[in-house]
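Chain residues, written in single-letter form:
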Amino acid sequence: MTRTGAYGERIGAFLRLDEVPSTLMTRSLRNAEIAVTETRHDDPVLGLSGSFAAEDAYLVSLKLRDYPECEIWEQGRHLTKADVHAGTTYLYDLRADPRYVIDKPFHSLHFYVPRSALDGLADQSGARRIDALDCSPVGHDDATVRSIGICLRDGLRRPDQANQLFIDHMMLALTAHVAETYGGFRHKAETSRGALAPWQLARACDKLEADLGGKLPLQAIAAELGLSVSHFSRAFRAATGLPPHRWLLHHRVRTAKRLMGERSPSLSEVAISAGFANQSHFTRVFSAITGVSPGAWRRDALGTASRHR
């Protein structure tokens, strides 16, 4: 059986990488696998790249390094040669067997977007499905793809600290943006764009609080409420002022503050109990949200408590 899915190990083989590249993946649209893979090689194996199994899917590639005179092939034929600049975005149709000549160092992020994800996006919105994405062999100055790529690179480099809710949120945003910008997709106005009902919000928060590590996917929470992922994300933000992944980070910080109000647990114990991967992850997130380190916050909190006794 031919294996499909141009991400992770398969994109590593395509580019002849020495190790399996780092990948983040979500299944928030009709259980379709949407993934992002970071690929880099400073001393690559020279020659024509490998070939992917043909499938109804796309690669959205954000270039992180200049690649002069890039020779691109499709369907076994030379297509074009062009200078590829860092920061530009290219789209490849995996039905056309895209390949390129590897003859210099490269560094890119590749977003794998299957047709089933694009169809799922349209079905959730009640909109018409798109025919195809524009995969003309030109680089696009796409600020949204760059921004999403920058946001995800930290998770790619520290996957143990990656919040699945955040990955789901960013990959949904990427898919919607690509469908709209390169496929002409238009969201159909939903009958209700308000916030979650009180019972829905309570149940969603209970689910988030029960999984401080952030491993529960958005799809699981949305399905329990009978909502699409995109509708749930918008309604949750309308109700709380924060998207689910940000709400969870703030709840982790609130949990950590409660734990640090006690003298016994160490900061590393607080970090794990509050859902952080480790103390370094805890310190980074806590400092970004509160403006002070956990240690400084704890010293101040315990000192204040002692003065009021």
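This report concerns the structure included in the present document. Small disclaimer: the values here were computed from a predicted structure and weren't measured.

Glancing now at the environment of Leu249. Position of Leu249 among the secondary structure elements: in helix α8 (residues 244-260). Leu249 sits 26 residues away from Gly275 along the chain, and the two C-alpha atoms are 9.1 Å apart. Beyond its immediate stretch of four places on either side in the chain, Leu249 contacts Asn163, Val285 and Ile289.

Although it is not a glycine, Arg16 sits at a positive phi angle of roughly 55°. Residue classification places Arg16 among the partly exposed residues on the basis of a relative accessible area of 30%. A positive phi is found at Gln75, a non-glycine position, where the angle reads about 50°. By the element assignment, Gln75 lies in the loop between β5 (67-74) and β6 (77-84).

Take helix α2 (residues 115-125) next. In an α-helix, one full turn covers 3.6 residues, which means residues spaced three or four apart are oriented alike. Within α2, eight of the eleven residues are buried, which leaves it mostly tucked inside the rest of the structure. All of the buried residues in α2 are Arg115, Ala117, Leu118, Asp119, Gly120, Leu121, Ala122 and Ser125. Each element contacted by the buried residues of α2 is listed here: β1 (23-29), β2 (32-41), β4 (57-63), β9 (106-114) and α4 (164-183). Positive phi appears at Gly126, one or two residues downstream of α2, with a value of about 70°.

Turning next to the sheet that holds β6. Here we have four strands laid out as an open sheet, ordered β3-β8-β5-β6, and antiparallel in their pairing. Two strands in the sheet have a free side with no partner beyond their single neighbour: β3 (47-48) and β6. Pairing of β5 with β6, which is carried by six bridges, proceeds in the antiparallel orientation. Paired with Cys70 across the bridge in β6 is Ala82.

For the rest of this paragraph, the subject is the pattern of salt bridges. In total, this model carries 16 salt bridges according to the counting rule given. For the salt bridge of Glu33 with Arg27, the shortest nitrogen-to-oxygen distance reads 2.8 Å. On the basis of relative accessibility, which here comes to 27%, the residue Glu33 falls in the partly exposed class. The salt bridge partner of Arg157 is Glu38, with a shortest N-O separation of 3.2 Å. Of this pair, Arg157 sits in helix α3 (residues 143-157) while Glu38 sits in strand β2, placing them 119 residues apart in sequence. Residue Glu38 is classed as buried on the basis of its relative accessible area of 12%. Through salt bridges with shared partners, a single network forms among Asp56, Asp93, Arg95, Arg115, Asp119, Asp123 and Arg129.

For the rest of this paragraph, the subject is the side chain of Thr26. Among the secondary structure elements, Thr26 is positioned in strand β1. Other than its neighbours up to four places away in sequence, Thr26 contacts Ala32, Glu33, Ile34, Gln164, Ile167, Asp168 and Met171.

Right, let's get into the packing of aromatic side chains. A complete count under the given rule lists nine aromatic pairs for this structure. Seen in terms of ring centroids, Tyr67 and Tyr100 are 5.7 Å apart; in terms of plane orientation they differ by 90°. Their pairing is edge-to-face. Of this pair, Tyr67 sits in strand β5 while Tyr100 sits in strand β8 (residues 99-102), and the two are 33 residues apart along the sequence. Neither residue differs from the other here; Tyr67 and Tyr100 are each classed as buried. Centre to centre, the rings of Tyr90 and Tyr92 are 6.5 Å apart; their planes meet at 10°, and the pair counts as stacked. For the pair shown, Tyr90 and Tyr92 are each scored as buried. Within the aromatic cluster, the residues linked to one another by ring pairs are Phe276, Phe282, Phe286 and Trp297. The ring of Tyr67 carries Lys104 above its face, with NZ or CZ at 4.4 Å from the centroid. The residue whose ring lies beneath Arg254 is Trp247, and the NZ or CZ to ring-centre distance is 5.4 Å.

The rules behind the values
- Residues numbered from 1 in each chain as written.
- Predicted model: local features only at pLDDT ≥ 70, side-chain atom pairs only at ≥ 80, totals over all residues.
- Heavy atoms only, no water.
- Helix = DSSP H or I, 4+ residues; strand = E, 2+ residues; numbered from the N terminus.
- Contact = heavy atoms within 4.5 Å.
- Buried < 20%, exposed > 50% of the residue type's maximum accessible area, 1.4 Å probe, protein only.
- Pairing = 2+ DSSP bridges.
- Salt bridge = Lys/Arg side-chain N within 4 Å of Asp/Glu carboxyl O.
- Phe/Tyr/Trp six-rings, centres within 6.5 Å; stacked < 30°, edge-to-face > 60°.
- Lys NZ or Arg CZ within 6 Å of the ring centre and 35° of its normal.

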